[in-house]
Amino acid sequence: MKEYDVIVIGGGHAGTEACLASARCGAKTLLVTQTFSTVGQMSCNPSIGGIGKGHLTREVDALGGVMARAADASGIHFRTLNKKKGPAVWATRAQADRNLYKAFIQNEIKYQKNLDFIDGEVIDVIIKNNEIRGVELQGNQTICCKNIILTAGTFLSGIIHVGDKSYSAGRLGENASIKLANRMRDLDLMMGRLKTGTPPRLDGKSINFDVMAEQPGDFPRPVFSFLGKTSDHPKQVSCFITRTNEKTHKLIRNSLKKSPLFNGVITGKGPRYCPSIEDKVTRFHEKNSHQIFLEPEGLNTDLIYPNGISTSLPEADQEEFIRSIHGLEKAKITKFGYAIEYDFFDPRGLTSFLENKKVRGFFMAGQINGTTGYEEAASQGIVAGINAALKSQEKEMWSPRREQSYIGVMIDDLVTQGASEPYRMFTSRAEHRLFLREDNADQRLTKLGWDLGSVSKERFSAYSKKINLIEKEIEKLRHVTFFEEGKKVFAGDYLKRPNTSYDDLAKLCPDHNLINSSIGENCAVNIRYEGYIARQETEIIRNKKDEELSLPEKINYEKILALSSEARENLAIARPQNLRQAAKIPGVTPAAISILKVQIKAINNSKKIASDGK
């Protein structure tokens, strides 16, 4: 039996990015999953991207990840959201063909150098002296390793609920990980329960699309990957929109006593930003309808995903309220909706490298850290994969910064504030949104990924050529001029105006041989935001010196009586690595940060005195 540098447990979106990143970084990596045929499965909505999530997907791609390329290879409906707002919050979203997406992911894993995979269930992690040594599989098989990345998703003690029926499962049709969950509890790693859910699936042949609003994809069509092109996309299809109505809401309200979400059966907190239809009807009782997007699950299937009506009501009640909706009067349900409750780990127990603070070499990524969504999981997976590989090679690990990426924002939020409910990324969570755009994710992260080892030579070469073109074009645009109402106008000044575009400029300056549209638009956005970004960068530099002051690992917060009891308690749980992380913790005020600075100075002085004494 081989000994591995890194073993990844679980083949979901976090696990696939983790094992691929680890292997790309040069670590001998093993993926252990119950059934390889389910690797890359889109358990809920077959879509990638959206507000905030599209930014994460592009950042994963910029670091060499697979999600964006898989979305391009399987996307059957592409849109850019938020187009009425500024480019900083534009967000790409793709509806994917489930089978094409899964096949792309599995193919990447099969042909990735340094990566093996096996079917098996991990029932124990082997730890000696608070350090990872290996895993034990069902059947008494032991595999040695230096690092583990746990990406178990909803499988740890997962329980599915449909009405008054509850049963153990990781997701529909797959076994929950009970023995591993029990082992994790024995390690006393601050665990809790969360829940999520999914809507019923419908037979498209039984739906009357003629009475619904058609929603075609965008033209021109966006691509996800920085290496992508529209020719990568399969055939495109439309989605459709309908709405619930007062009859629907009455049926749901009458069924609430049978809902495990409302009768006390489910105790875990669900995602506030992706509520069940029961939650919507109850919380937004003043609304007489809610929008439903009917999204195809693939090109070779009639299955339809009704986005917006996640539910765990009894099957008969699901059928009744579905058929009260316009266009769904004869709808046939092929798979009923359900809620799933599962164990998660309080992410305050992790460092910003996603390594557990108690057990060295034990990394965690994905839904088990309290997040919701494929994109949030993939982002954690690629960070954990890179860091586990670096650790196995005795190299310095990498912690993404808030001002550098949405991935950094998410991880910083998680490890400092925890997850009282499933965490979802939004652009509003970032302080530096004008800089953290989809279009410049590669400019922010690809060189870094190259240095870390996660970016291929092909990708870095393409990136380098692009950067060279952008730099030359921006320099040229500073000198290009045209006349408007008899006055000379510089191209750079024109692009700083609201509601202008690079294509508009190209029409005004036909003799200047301006570059292709996609590179040009990137230049235009850079020019438009350069003043704001310069101010943000100055602010970042000014604050960075104090923020990066390290907090001693063994500092006893309970003895710092000048801090409030809330601050002492939350600091003791999160154990931040520096003042920047500490400032994000609930109850830690600017006054508390000043107190911590004094403590750091006192501890450092005492160390210096002790050192001088020797």
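Keep in mind the model is a prediction, meaning the values are calculated, not measured.

Participant: Explain the layout of surface pockets here, please?
Facilitator: Any space left empty among the atoms is revealed by the rolling of a water-sized probe across them. Empty space within the second largest pocket amounts to approximately 1500 Å³. Around the second largest pocket sit 45 residues that line it, and Arg-58, Asp-439, Ser-517, Ser-518 and Glu-521 are the ones nearest its centre. Of all the elements in the fold, those that place two or more residues in the lining of the second largest pocket are strand E4 (75-81), helix H11 (441-452), helix H12 (457-477) and helix H15 (517-547). Here the lining of the second largest pocket takes seven residues from H15, the largest share from any one element. Within the lining of the second largest pocket, the residues separate by chemical class into 14 nonpolar, 14 polar and 17 charged.

Participant: Mind showing me how you'd approach unusual backbone geometry here?
Facilitator: Trans peptide bonds make up most of the peptide bonds, and negative phi angles are found at most residues other than glycine. Cis peptide bonds are those with omega within 30 degrees of zero, and the linkage from Phe-219 to Pro-220 qualifies with 0°. If you check the backbone angles, Leu-354 has positive phi at about 70° while not being a glycine. By secondary structure assignment, the location of Leu-354 is in the loop between strand E19 (338-345) and strand E20 (362-364).

Participant: Looking at this structure, how should I read the sheet that holds strand E10 (residues 159-162)?
Facilitator: Backbone-to-backbone hydrogen bonds join strands into a sheet, with any given pair of strands oriented parallel or antiparallel. Taken in spatial order, the four strands of this open sheet run E11-E10-E19-E12, and their pairing is antiparallel. Here the strands that pair on one side only, and so sit at the sheet edges, are strand E11 (165-168) and strand E12 (191-198). Strand-to-strand twist of the sheet, defined as the mean angle between neighbouring strand axes without regard to direction, takes the value 25°. With three bridges connecting them, E10 and E19 associate as antiparallel partners. Its bridge partner lying in E19, Ile-160 is registered against Ile-340.

Participant: Hey, could you run me through the domain arrangement of the chain in this one?
Facilitator: A common way to state how big an interface is: give the accessible area lost once the parts meet. On domain assignment, one finds that the chain holds domain 1 (3-197 + 341-452), domain 2 (201-337), domain 3 (466-545) and domain 4 (548-613). Each of domain 1 and domain 4 was reduced to a C-alpha centroid, and the two centroids are 31 Å apart. Taken together, the contact pairs twelve residues of domain 1 with ten residues of domain 4. Contact with domain 4 buries area across many residues of domain 1, yet Arg-348, Lys-357 and Thr-416 alone supply 41% of it, more than any other trio.

Participant: I tried to follow helix H1 (residues 13-24) on my own but got confused; where do I start?
Facilitator: In an α-helix, one full turn covers 3.6 residues, which means residues spaced three or four apart are oriented alike. Here H1 contains twelve residues, and its C-alpha end-to-end distance of 17 Å stays within 8% of the 16 Å for a straight helix at 1.5 Å per residue. Here H1 lies mainly inside the structure; eleven of its twelve residues are buried. Of all the positions in H1, only His-13, Ala-14, Gly-15, Thr-16, Glu-17, Ala-18, Cys-19, Leu-20, Ala-21, Ser-22 and Ala-23 are classed as buried. In the stretch just after H1, Gly-26 is the one whose phi turns positive, near 100°.

Participant: Please explain the pattern of salt bridges as it appears in this structure.
Facilitator: Two side chains with opposite charge may pair up if their charged atoms get near one another. Throughout the structure, instances matching the rule amount to 37 salt bridges. Among the ionic pairs, Asp-61 bridges to Arg-459, the shortest N-O distance being 3.0 Å. In this pair, Asp-61 is assigned in helix H2 (residues 53-62) and Arg-459 in helix H12, connecting sequence segments 398 residues apart. The residues Asp-61 and Arg-459 share a single accessibility class, namely buried. Notably, a salt bridge pairs Asp-442 with Lys-466, separated by 2.9 Å at the nearest N-O pair. Of this pair, Asp-442 sits in helix H11 while Lys-466 sits in helix H12, placing them 24 residues apart in sequence.

Participant: So what exactly am I meant to see when it comes to the pairing of E4 here?
Facilitator: For a regular strand, side chains alternate in direction, first toward one face of the sheet and then toward the other. When you tally the buried positions in E4, you get six out of seven residues, the bulk of the element. Examined bridge by bridge, E4 and strand E5 (residues 91-96) share six bridges and lie antiparallel to one another. Looking at the pairing, Arg-79 lines up with Arg-93 of E5.

Participant: Before we go on, may I ask you to explain the packing of aromatic side chains in this structure?
Facilitator: Any aromatic ring pair is given by two values, namely how distant the centres are and how the planes are angled relative to each other. Under the criterion given, the structure shown has six aromatic pairs. Summarising the aromatic geometry, the rings of Phe-36 and Phe-117 are spaced 4.1 Å apart at their centres and angled 20° between planes, so their arrangement reads as stacked. With Phe-36 in the loop between strand E2 (29-33) and strand E3 (47-49) and Phe-117 in strand E6 (residues 115-119), this pair connects stretches of sequence that are 81 residues apart. Classification of Phe-36 as buried rests on a relative accessible area of 9%. Summarising the aromatic geometry, the rings of Phe-209 and Phe-240 are spaced 4.7 Å apart at their centres and angled 40° between planes, so their arrangement reads as tilted. One end of the pair, Phe-209, is in the loop between strand E13 (201-203) and strand E14 (213-215); the other, Phe-240, is in strand E15 (residues 239-243), with 31 residues separating them in the sequence.

Parameters at a glance
- Residues numbered from 1 in each chain as written.
- Predicted model: local features only at pLDDT ≥ 70, side-chain atom pairs only at ≥ 80, totals over all residues.
- Heavy atoms only, no water.
- 1 Å grid on protein atoms, 1.4 Å probe; cavity = no way out; pocket = protein on both sides within 12 Å on 5 of 7 lines; lining within 4 Å.
- Points joined across faces, edges and corners; volume = space filled by probe spheres on them.
- Helix = DSSP H or I, 4+ residues; strand = E, 2+ residues; numbered from the N terminus.
- Nonpolar A, V, L, I, M, F, W, Y, C, P; charged D, E, K, R; others polar.
- Pairing = 2+ DSSP bridges.
- Axes fitted to C-alpha atoms, helices over the stretch in contact; angles between N-to-C directions.
- Domains from an automatic or database assignment.
- Contact = heavy atoms within 4.5 Å.
- Buried area = accessible area lost by both parts, 1.4 Å probe.
- Expected span 1.5 Å × (residues − 1).
- Buried < 20%, exposed > 50% of the residue type's maximum accessible area, 1.4 Å probe, protein only.
- Salt bridge = Lys/Arg side-chain N within 4 Å of Asp/Glu carboxyl O.
- Phe/Tyr/Trp six-rings, centres within 6.5 Å; stacked < 30°, edge-to-face > 60°.

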